[in-house]
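Now for the letters of each chain:
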Amino acid sequence: MSRKVFYISDGTAITAEVFGHAVLSQFPVEFESLTIPFVETTIKAEAVIKQINDSFITTGERPLVFHSIVNPEIRDIIYSSEGLDYDFLNTFVAPLEQQLGIAASPVVHRTHGKGNDSYEARIDAINYAMENDDGQTMKHMDKADIILLGVSRCGKTPSSLYLSMQFGIKAANYPFTEDDMDNLKLPEALKRNKDKLFGLTIDPNRLHEIRQSRMENSRYSSLRQCRLEVKEVEMLFKKERIPFVNTTNHSVEEISTKILDMTGLDRHMF
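So, how was this worked out
- The residue numbering used here restarts from 1 in each chain and proceeds along that chain's sequence as written.
- Note on the predicted model: pLDDT of at least 70 is required for a residue's local features to be given, and 80 or more for side-chain atom pairs to be given and counted; whole-chain, interface and lining totals, by contrast, use all residues.
- Where side-chain values are given, they derive from all heavy atoms of the structure, hydrogens and water being excluded.
- The way it works is that DSSP assigns letters per residue, a run of H or I at least four long becomes a helix, a run of E at least two long becomes a strand, and they are numbered from the N terminus.
- The cut-offs for exposure are 20% and 50% of the maximum accessible area for each residue type, with area from a 1.4 Å probe on protein chains only; residues under the lower value are buried, those over the upper are exposed, and the others partly exposed.
- Here a residue-residue contact requires only that any non-hydrogen atoms of the pair lie within 4.5 Å.
- Each accessible area value is a Shrake-Rupley result obtained with a 1.4 Å probe; residue values ignore everything except the protein chains displayed when judging cover.
- We treat Lys and Arg as the positive residues and Asp and Glu as the negative residues; His and chain ends play no part in the count.
- Note on charges: their place is set at NZ of Lys, CZ of Arg, CG of Asp or CD of Glu.
- When the centres of two rings from Phe, Tyr and Trp lie within 6.5 Å, Trp using its six-membered ring, the rings pair. Their planes under 30 degrees apart give stacked, over 60 give edge-to-face, and anything left gives tilted.
- Placement of a positive charge over a ring is assigned whenever Lys NZ or Arg CZ falls within 6 Å of the ring centre and within 35 degrees of the normal to the ring plane.
- For two strands to count as paired, DSSP must find a minimum of two bridges between them.
- To get an axis, fit a line to the C-alpha atoms, keeping to the stretch in contact for a helix; angles then go from 0 to 180 degrees between the N-to-C directions.
- Expected helix span is given by 1.5 Å per residue-to-residue step, counting one fewer step than there are residues.
- Angular relationships are summarised with four words: roughly parallel below 35 degrees, roughly antiparallel beyond 145, roughly perpendicular across 65 to 115, and oblique for the angles in between.
- Less than a right angle of anticlockwise turn of the near helix away from the far helix marks a crossing as left-handed, whereas a clockwise turn marks it as right-handed.
- When residue character is reported, Ala, Val, Leu, Ile, Met, Phe, Trp, Tyr, Cys and Pro are called nonpolar, Asp, Glu, Lys and Arg charged, and the others, Gly included, polar.
- Directions are taken from the helix axis to each C-beta atom, and the arc is the one they span.

Enquirer: A description of the overall build of the protein should follow, citing residues and the corresponding values.
Expert: A tally of helices and strands in the protein yields ten helices and eight strands. C-alpha extents for the protein along the principal axes are approximately 70 × 45 × 30 Å. Classification of the 270 residues of the protein by burial places 38% in the buried group. Considering only intrachain contacts with a sequence separation of at least 6, the fraction spanning at least 24 residues in the protein is 70%. Counting every atom, the protein has about 15,500 Å² of accessible surface; 51% of that belongs to carbon and sulfur. A gap of 8 Å separates the mean positions of the 31 positive and 39 negative side-chain charges of the protein.

And the structure:
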């Protein structure tokens, strides 16, 4: 039986989820998770307590409770449950207050709220990534912070969106298709922005599997075509001295982090 885990917050619960998942990923155990955001009233907190306690009664195991609750009254109610509490905010805030010599001034929704200019910058970056996905338009490449290149289905779109959503980076992407292979070269808009280009590649066998699930038994998904396209595009990257990474065994988070590390792009944290 999997262990029950609660992620609770008086905000979005994103912080509790991220920290909690990072910690639990270290253990080869199955977890059944439930995320409960916006626990902003005592009534909601009491309802959460009931869910936690019911889980304990049903399973006989104290559920794990990861929370990032700013409101002390709500936090004290959660503490009273039968769960095992892991309070991320208080774990770090109290020691930092001592080191910095000032008291924290907690505000609900500050971490993932929209109360500053950086939020608008992130929205602009997300809109840019969607409008400049898959080479839909080449008109705005000059405004990009980075332009991802690669064959179809190698991870360009999810990486572009992740960079924009997490770091406010304006990421465009451009695909090299079957029609490009006979005379593979950089379009003028890409040549003009060569310092922004970054390549993604992938193992042809993995690409074949991905494309098969999209267009089974087509020329597009054939292993021969996948090998040809990957080979030609990697040769172009090397010829044009475009840095690139292999996405085969990496998550979108890892791919994006590698891109930031190799390019030195500034992370805009929110």
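Enquirer: How would you explain the packing of aromatic side chains if you had to name every residue and give the values?
Expert: Following the criterion strictly, the structure yields eight aromatic pairs and no others. Aromatic side chains Tyr-162 and Phe-167 sit 6.2 Å apart centroid to centroid with 70° between the ring planes, which places their arrangement in the edge-to-face category. Put simply, the rings of Tyr-7, Phe-19, Phe-66, Tyr-86, Phe-88 and Phe-92 pair up and form one aromatic cluster. Directly above the aromatic system of Tyr-220 lies the positively charged group of Arg-211, at a separation of 4.3 Å from the ring centroid.

Enquirer: Quick rundown of the sheet that holds strand E2 (residues 31-36)? Include the residues and the values.
Expert: Strand order in this open sheet of four strands is E2-E1-E3-E4, and the pairing throughout is parallel. This sheet does not close on itself; its edge strands, each paired only once, are E2 and strand E4 (84-87). Averaged over neighbouring strand pairs, the angle between their axes works out to 20° when direction is ignored. Two elements, strand E1 (residues 3-9) and E2, share six bridges in a ladder whose sense is parallel. Across the sheet, Phe-6 pairs through a bridge with Leu-34, a residue of E2.

Enquirer: Talk me through unusual backbone geometry; I want residue IDs and the actual numbers.
Expert: The backbone of Phe-38 sits at a positive phi, close to 55°, despite the residue not being glycine. Along the polypeptide, Phe-38 turns up in the loop between E2 and helix H2 (42-59). With a relative accessible area of 36%, Phe-38 lands in the partly exposed category. Of note, Arg-241 is a non-glycine position whose phi angle comes to about 55°, a positive value. Looking at the element boundaries, Arg-241 is found in the loop between helix H9 (223-239) and strand E8 (244-246).

Enquirer: I'd like a rundown of H9, residues and numbers included.
Expert: Between the first and last C-alpha of H9 there are 24 Å, a value that for 17 residues agrees with the 24 Å anticipated at 1.5 Å per step. Contacts from the buried residues of H9 go to strand E5 (146-151), strand E6 (171-176), strand E7 (197-201), helix H8 (204-214) and E8. At the exit of H9 stands Arg-241, carrying a positive phi of roughly 55°.

Enquirer: I'd love a proper account of the pairing of E7, names of residues and values included.
Expert: Burial within E7 is extensive, with five of its five residues counted as buried. Side-chain alternation along E7 places Leu-197, Gly-199 and Thr-201 on one buried face and Phe-198 and Leu-200 on a second face that is also buried. In this structure, E5 lies alongside E7, joined through three bridges in parallel fashion. The partner of Leu-149 across the bridge, within E7, is Gly-199.

Enquirer: Please give an account of the packing of H8 against H9 that cites residues and values.
Expert: Where H8 meets H9, the axes come as close as 9 Å, and the angle between the chain directions of the two elements is 125°. Taken as axis vectors, H8 and H9 run oblique relative to one another. H9 is crossed by H8, and the crossing has right-handed handedness. Where H8 abuts H9, its residues Pro-204, Asn-205, Leu-207, His-208 and Arg-211 lie against Leu-223, Gln-225, Cys-226, Arg-227, Glu-229 and Val-230. A breakdown of the residues in the contact of H8 with H9 according to their chemical character gives five nonpolar, three polar and three charged.

Enquirer: Quick one: what's the story with H2, residue by residue and with numbers?
Expert: With 18 residues, H2 should reach 26 Å at 1.5 Å per residue; the first-to-last C-alpha distance of 26 Å fits that figure. Within H2 the residues assigned to the buried category are Ala-45, Val-48, Ile-49, Ile-52 and Ser-55. The buried side chains of H2 occupy one side of the element, clustering within an arc of 125° when seen end-on. For H2, exposure combined with an orientation more than 90 degrees from the buried face picks out Ile-43, Lys-50, Ile-57 and Thr-58. Directly beyond the C-terminal end of H2, a positive phi value near 80° is found at Gly-60.

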